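Each chain, written out:
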Amino acid sequence: MNTAELLAQVRQRNPHEPEFLQAAQEVIESIAPVFEKHPEFARLKILERMLEPERMISFRVTWQDDRGEVHVNRGYRVQMNSAIGPYKGGLRFHPSVNASVLKFLAFEQIFKNALTGVPMGGGKGGSDFDPKGKSDNEVMHFCQAFMSELARHISHRMDVPAGDIGVGAREIGYMFGAYKKIKNEFTGVFTGKGIGWGGSLIRTEATGYGLIYFAENMLQAKGDSIKGKTCLVSGSGNVAQYAIEKIIHLGGKAVTASDSNGFIYDENGITQEKLEFIKDLKNNRRGRIQEYAEKFTCSYTATDPNADHNPLWSVPAQCAFPCATQNELNGKDAKNLIQNGVKLVAEGANMPTTIEGINAFIDQGVLYAPGKASNAGGVATSGLEMTQNYMGANWSREEVDARLRSIMKDIHEASLKAAQKFGKPDNYLVGANIAGFIKVANAMQAQGVI
Ligand code: NDP
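As the structure is a prediction and not an experimental result, all values here were calculated from the model.

(A) Spatial organisation of unusual backbone geometry. Although it is not a glycine, K45 sits at a positive phi angle of roughly 50 degrees. By secondary structure assignment, the location of K45 is in the loop between α4 (39-43) and α5 (46-50).

(B) Main features of the sheet that holds strand β12 (residues 344-346). Within the open sheet, the five strands sit side by side as β7-β6-β11-β12-β13. Their pairing is parallel. Strand pairing shows two members of the sheet lacking a second neighbour, β7 (253-254) and β13 (367-369), which therefore form its edges. Where strand β11 (residues 319-321) lies against β12, two bridges are found, and the strand directions are parallel. Bridge pairing links C319 to L344 in β12.

(C) How the structure looks around the environment of D128. By secondary structure assignment, the location of D128 is in the loop between β4 (121-127) and α7 (136-150). In this structure D128 comes out as partly exposed when scored by relative accessible area, which is 26%. Measuring from C-alpha to C-alpha, the distance between D128 and Y76 comes to 9.2 Å, with 52 residues separating the pair along the chain. Apart from residues no more than four positions distant in its own chain, D128 is found in contact with N73, R74, H94, P95 and V97. A polar contact is formed between the side chain of D128 and the side chain of N73, at a distance of 2.9 Å. Within the structure, D128 has its side chain in polar contact with the side chain of S127 (distance 3.5 Å).

(D) Region of the structure containing the pattern of salt bridges. Taken as a whole and judged by the stated rule, the model has 26 salt bridges. For E171, the salt bridge is made with R170, and the minimal N-O distance between the two is 3.0 Å. For D266, the salt bridge goes to K274, with nearest N and O atoms at 2.9 Å. Exposure class is identical for D266 and K274. Each is buried. One network of salt bridges, in which partners are shared, links E26, E108 and K372.

(E) Quick peek at the layout of surface pockets. By volume, the second largest pocket is sized at about 250 Å³. Residue lining of the second largest pocket: 15 residues in total, with E29, S30, N359, L429 and V430 positioned closest to the centre. Among the secondary structure elements, those contributing two or more residues to the lining of the second largest pocket are α2 (18-30), α3 (32-37), α14 (355-363) and α18 (428-446). In terms of residue count, α14 provides more of the lining of the second largest pocket than any other element does, five residues in total. Partitioned by chemical class, the residues of the lining of the second largest pocket number seven nonpolar, four polar and four charged.

(F) Broad picture of the packing of aromatic side chains. All told, the structure shown has 21 aromatic pairs when counted by the stated rule. When the ring of F93 is compared with that of F142, the centres are 5.1 Å apart and the planes differ by 90 degrees; the resulting orientation is edge-to-face. A residue pair is termed long-range when its members are at least 10 positions apart, and F93 in strand β3 (residues 87-93) and F142 in helix α7 qualify at 49 residues. Judged by relative accessible area, which is 1%, F93 ranks as buried. Where F107 meets F111, the ring centres are 5.1 Å apart and the plane angle is 75 degrees; that geometry is what we call edge-to-face. In this pair, F107 and F111 both sit in helix α6 (residues 99-116), four residues apart, roughly one turn of the helix.

(G) Quick look at the nonpolar core. In this structure, F321 and L344 are the most contacted members of the largest nonpolar core, which totals 56 residues. A total of nine residues in this core trace back to one element, the largest contributor, which is helix α9 (residues 203-220). Setting aside anything within four residues of it in sequence, one finds F321 in contact with L211, I212, A215, I226, C231, L232, V233, S234, I247, W313, L344 and A346. Counting residues in each nonpolar core, the second largest holds 43 residues, with I31, F107, F111 and A443 among its members.

(H) Representation of the environment of D401 within the structure. Within the fold, D401 resides in helix α17 (residues 397-421). With 198 residues separating them in the primary sequence, D401 and R203 have C-alpha atoms 9.2 Å apart. Sequence-distant contacts of D401, that is, excluding residues within four places in its chain, are made with I202, Y209 and Y213.

Rules and cut-offs
- Residues numbered from 1 in each chain as written.
- Predicted model: local features only at pLDDT ≥ 70, side-chain atom pairs only at ≥ 80, totals over all residues.
- Heavy atoms only, no water.
- Helix = DSSP H or I, 4+ residues; strand = E, 2+ residues; numbered from the N terminus.
- Pairing = 2+ DSSP bridges.
- Buried < 20%, exposed > 50% of the residue type's maximum accessible area, 1.4 Å probe, protein only.
- Contact = heavy atoms within 4.5 Å.
- Polar contact = N/O pair within 3.5 Å; in protein donor to acceptor, adjacent residues only side chain to side chain.
- Salt bridge = Lys/Arg side-chain N within 4 Å of Asp/Glu carboxyl O.
- 1 Å grid on protein atoms, 1.4 Å probe; cavity = no way out; pocket = protein on both sides within 12 Å on 5 of 7 lines; lining within 4 Å.
- Points joined across faces, edges and corners; volume = space filled by probe spheres on them.
- Nonpolar A, V, L, I, M, F, W, Y, C, P; charged D, E, K, R; others polar.
- Phe/Tyr/Trp six-rings, centres within 6.5 Å; stacked < 30°, edge-to-face > 60°.
- Core = buried A, V, L, I, M, F, W, Y, C linked by side-chain atoms within 4.5 Å.

This is the structure we're talking about:
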């Protein structure tokens, strides 16, 4: 089956799933050259198998709010591929969550996890529950209700969830507690746990730090560095906060941060002190980013999710790090960034750039890193947390950080090498997809037709 036929088949099998189809198209088109060198992968229908979840669970979550009102949400777990290890991938709580969004995330996770070199399969899950505006008590009741079903389908050797949008330390604590109560066992069934109860140092920072380590590797390969560069960051959650922190550590200047209502532009740069304000605002007070502009007197622009472009990407800068959500940077945004001389775009979020935007960057020679390579530091460190749990060990901050740096360097090298080998030098998209694919394909071939 050729690329066009496979794409048509995937579209026909997964109608009404635009996000999943977008992620599938990007991979199908970019790994086409592999099948010329490896006809056995085509004969064994390896890619067709990867595009079909091994198992997908959907369930009802019923819970009561503080006023006693009953709510019904939908929960999911997509167990996409277990060829190289237990299913691994985060849980997302956001009203936009549906089967399409989770299938796209679980599909991307297969390749990302393979790239880390840690043995982990691909999975993802979550709910259309919106934690925003809910009390701690309500979030706890929801997490307990969610886990009362999910607990049957996960375990530390089979499927190990983590956080994602809307699921941070608070939610993981409540879900881990509920799992432990139901199963009567203390195991590393979640990653992102608290430091005193099985968590790993650096896991909180890992995705953002890893992203900037990866970007620094990309720039160094061109004899350049992040030092002195003006950087745009979108989002103000976990990934954005630690991306900004590492940009500061490496001498760059981060000038933006955003949430779903708008973005701040701080021409003077976000300092560590200002970043601490963002962390407190978002992680403890759960406020809006607009407060930053009021506190530090800088510009704030409200954004409209239905607009044809996002004005954050019109701010002049040399580096851009989309760290909020999928499809937050489209073809028009890419043109604006290119016009302003952007040199590097590295994705902290999953699939934040549309296919049109990606093509614009690659055509114009902008260094572009897909999230499955550049944001893999989070899941890689989750893998390190799992290893520590299996061993009963606690590694130091320095040790985990050194391993994270080394993993990001290896992913960078593996992506560049695969891109070169398959005739697309410097194309990190092709390189990351191919390097991840071949690793999982080899395992699937060895394990037979299952
Ligand atoms: P958080 O929930 O901590 O933060 C998400 C941020 O993005 C918030 O600022 C949020 O604003 C904003 N956002 C979310 N949805 C939208 C939307 N529809 N439109 C505009 N803004 C939005 O999540 P994370 O930082 O953990 O995740 C961010 C991205 O990184 C996601 O794509 C996630 O899949 C990816 N990722 C996360 C990893 C991790 O370790 N956490 C690992 C690898 C990838 P608001 O507060 O207004 O909702």
